Each structure stands twice: as C-alpha cells, then as structure tokens.
Amino acid sequence: MSGPRPVVLSGPSGAGKSTLLKRLMKEYEGVFGFSVSHTTRNPRPGEEDGKGLNCLPMLLGATLLPVADVLSSETSEDYHFVTREKMQEGIDNGEFIENAEFSGNMYGTSKSSIEDVQAQNLICILDVDIQGVKNIKKTDLNPIYISIQPPSIEILEKRLRDRQTETEDSLQKRLEAARIDMELSEEPGVFDMVIINDDLEEAYEKLRSVLIEEIEKVQDAKK
Ligand SMILES: Nc1ncnc2c1ncn2[C@@H]1O[C@H](COP(=O)(O)OP(=O)(O)OP(=O)(O)O)[C@@H](O)[C@H]1O
Ligand SMILES: Nc1nc2c(ncn2[C@@H]2O[C@H](COP(=O)(O)O)[C@@H](O)[C@H]2O)c(=O)[nH]1
C-alpha cells in the first residue's frame, strides 16, 4: 500500500482517542483521512453510517459529506454498521486487513477503507483496539503506533459513565478490556509512543509532536 505513513491510534475505550483525533484533524485540514471501520454494534445517537473524519469532503458511495457536518459529530468517527452475517462474509472474502471481537461486537478495518484514504495521499488514521494492533503488526502496513491511555482505571470509568453511551454490561466489558490494554501498553516495543491523556492540552501536544514530521511531509507535497 502506498502514500504517507499511516497512524494506528489505540488504547482503552474512553481514553480519549476520538477527542484527540477530532482536534488533530481540525487543526490539520487536508492532511489526515480516517479509515472508517466496520462494526456490528448499534449506532449511538448521532452516529451515521459510513461517516469518517476526512479533511476533504469525502465521496462515500453517492454521498458527499461536508467537512463541517463531520466535525460537528459528537463521536466523530462513525462506522459502516453491518450485521454479523455481512461482516463475516467480508472477512471470509479477505476484504479485511484485521478484525476483532470487542465488548460483544465485531469490529474490523477493510482494505478499501485504507486504500480510499491513501489514494488521496492523506495520512490514514486507524482507531483500533489492542487485538487490531497485534494483527496489523503482521501486515506490511508499517504505521506509526500510538497508544492513548487514561491516567487511571477510575478516571476511565468516570469518563465512560459521563459519556453516557454504554449500558452497564457494555461498560463493564470495556473496563475489563481496558485493564488488559493498560497492561499490554507497558510492554516494550509494542507502541512508538504511549500518551497518558490526563490534561487534554498536554496529551494533544504530545500527539502533535510525534506526528509533525509526517504532517509536514504531506503539507510540503501539496505545495
Ligand atoms: N483529557 C480529558 N479530560 C477529561 N475528559 C476527557 C479527556 N479526554 C477525553 N475526555 C472525555 O472522555 C470521554 C471519552 O473520550 P473519547 O470518546 O474521545 O474516547 P475514545 O478513546 O475515543 O473511546 P472509544 O474507543 O470508546 O470510541 C469523552 O466524553 C471525552 O469528552
Ligand atoms: N480491532 C479493531 N478495533 C476497532 C476498530 N474500530 C474501532 N475499534 C475499537 O473498538 C473499541 C470500541 O469502539 P466504540 O466505537 O464501540 O467505542 C475501541 O477501542 C476502538 O479502538 C476496528 O476496525 N478494528
């Protein structure tokens, strides 16, 4: 796959990946494109099918999505919402670069979601769980791996509860997955950078600084 080096953002659900991403993509318009994943989970209020944070208006099927609409979305990085049958069919047909079961639902990155972004010479951002990280490491994608971590499991729980997107069952599953994720993120060599998202400004600056070289390459290529 060609184009600028992709970026994999991982970390527990509720750690703040979407919040940081949204800000990054707003500051660097025309530099990043979001790889829109598939999932079998139900859409949250405000989420739309197939809407990704792309800094150019994005042609998805017949729908041209204005940047302003995408940036105003609370959750910001929507999915292709599909049934288990449809998702399994795509996996069996080799359409996915990686897929995983998370909190009782299937999630996966299709090859075409990455290719669509790379075709525009944008930095492709993938937001995946730790299983996705492990599976992407077996491919030739060669992304920059960044983990966003919460300051503690207690703060993570509060953020997830305050977000009001999860049932109690889903919240408990996410916290369980978060404990594993937090441990694995400490293993040397898994991530190029681990960012503790305590103070949002500080976390954002760290994210920006680790990506600035790649961002400038894309900006220079556009000149
Ligand atoms: N530094 C921070 N301080 C306080 N609250 C934060 C901070 N960063 C994010 N939040 C809040 O925490 C909640 C979870 O953040 P966000 O939705 O960005 O997490 P996420 O990692 O993208 O989760 P998921 O993987 O489930 O999509 C949001 O309500 C967000 O506003
Ligand atoms: N392995 C993959 N994980 C993914 C993908 N898309 C999202 N995710 C991760 O799922 C959880 C939950 O997301 P939510 O939107 O339901 O809160 C979160 O950790 C994401 O990083 C994917 O394509 N593959």
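Residue indices begin from 1 for each chain and proceed along its sequence in written order. Think of it this way: whatever chain is written first is A, whatever ligand is written first is 1, and the rest follow in order. Thresholds applied to this predicted model are a pLDDT of at least 70 for local features of residues and 80 or more for the giving and counting of side-chain atom pairs; totals over whole chains, interfaces and linings are not thresholded and use all residues. Side-chain metrics rest on all non-hydrogen atoms present in the structure, leaving aside hydrogens and water.

In the annotation of an unreviewed UniProt entry, the entry for the chain reads Guanylate kinase, and the organism field reads Sinocyclocheilus grahami. UniProt positions are given in the numbering used here, feature names are shortened, and annotations may be inferred rather than shown by experiment. Quoted verbatim from the Catalytic activity (unreviewed entry) field of the UniProt record, the comment on the chain reads "GMP + ATP = GDP + ADP". The record in UniProt for the chain states the following under Sequence similarities (unreviewed entry): "Belongs to the guanylate kinase family."

Asker: What is the right way to look at the overall build of the chain in this model?
Answerer: Counting from the N terminus, the helices are the DSSP runs of H or I reaching at least four residues and the strands are the DSSP runs of E reaching at least two. Along the backbone of the chain there are eight helices and 11 strands. Each residue's exposure class comes from its accessible area (1.4 Å probe, protein chains only) as a fraction of the maximum for that residue type: buried when under 20%, exposed when over 50%, partly exposed otherwise. Counting the 223 residues in the chain, one finds 52% classified as buried. Should any heavy atoms of two residues lie within 4.5 Å, those residues are considered in contact. A separation threshold of at least 6 residues defines the contact pool for the chain, and within that pool the share at least 24 residues apart is 73%. Surface exposure of the chain reaches about 10,900 Å², of which carbon and sulfur atoms provide 49%. Per-residue and other accessible areas were derived by the Shrake-Rupley procedure at a 1.4 Å probe size, with only the shown protein chains allowed to occlude residues.

Asker: Help me understand the pairing of strand β7 (residues 96-102), please; the structure alone is not making it clear to me.
Answerer: Looking along a regular strand, one sees side chains alternate from face to face of the sheet. Along β7, five of the seven residues are buried, which leaves the element largely enclosed by surrounding structure. Note on pairing: two strands pair once DSSP finds at least 2 bridges between them. Across six bridges, the pairing between β7 and strand β8 (residues 105-110) is antiparallel. Residue Phe102 lies in a different strand from β8, and its bridge partner there is Asn105. What sits between the antiparallel neighbours β7 and β8 is a turn of two residues, in which Ser103 has the positive phi angle 50 degrees.

Asker: Would you mind going over unusual backbone geometry with me for this structure?
Answerer: Trans peptide bonds make up most of the peptide bonds, and negative phi angles are found at most residues other than glycine. Positioned with a positive phi, Asn121 is a non-glycine residue whose angle comes to about 60 degrees. Judged by its relative accessible area of 49%, Asn121 falls in the partly exposed class. You will see that Asn142, though not glycine, has its phi angle at about 55 degrees, which is positive. Topologically, Asn142 is positioned in the loop between α5 (130-136) and β10 (144-149). Residue class for Asn142 comes out partly exposed when judged on its relative accessible area of 48%.

Asker: Which parts of the structure should I look at to understand the packing of aromatic side chains?
Answerer: Here the distance between the centres and the angle between the planes together describe a pair of aromatic rings. Paired rings are identified among Phe, Tyr and Trp, the last through its six-membered ring, by centres lying within 6.5 Å, and are further divided according to the angle between planes into stacked (under 30 degrees), edge-to-face (over 60) and tilted (the rest). Per the counting criterion, the structure on display carries three aromatic pairs. Ring centres 5.8 Å apart and planes at 65 degrees place the aromatic pair Tyr79 and Phe81 in the edge-to-face group. On the numbers, 5.8 Å between centres and 65 degrees between planes, the contact of Tyr79 with Tyr107 is edge-to-face. In this pair, Tyr79 is assigned in the loop between α2 (67-72) and β6 (80-81) and Tyr107 in strand β8, connecting sequence segments 28 residues apart. With respect to class, Tyr79 is no different from Tyr107; both count as buried. By the ring-pair criterion, three or more aromatic residues cluster together here, those being Tyr79, Phe81, Phe102 and Tyr107. The ring of Tyr145 has Lys137 sitting right over it, with the charged end atom 4.3 Å from the ring centre. Working rule: Lys NZ or Arg CZ, within 6 Å of ring centre, within 35 degrees of ring normal, means a charge sits over the ring.

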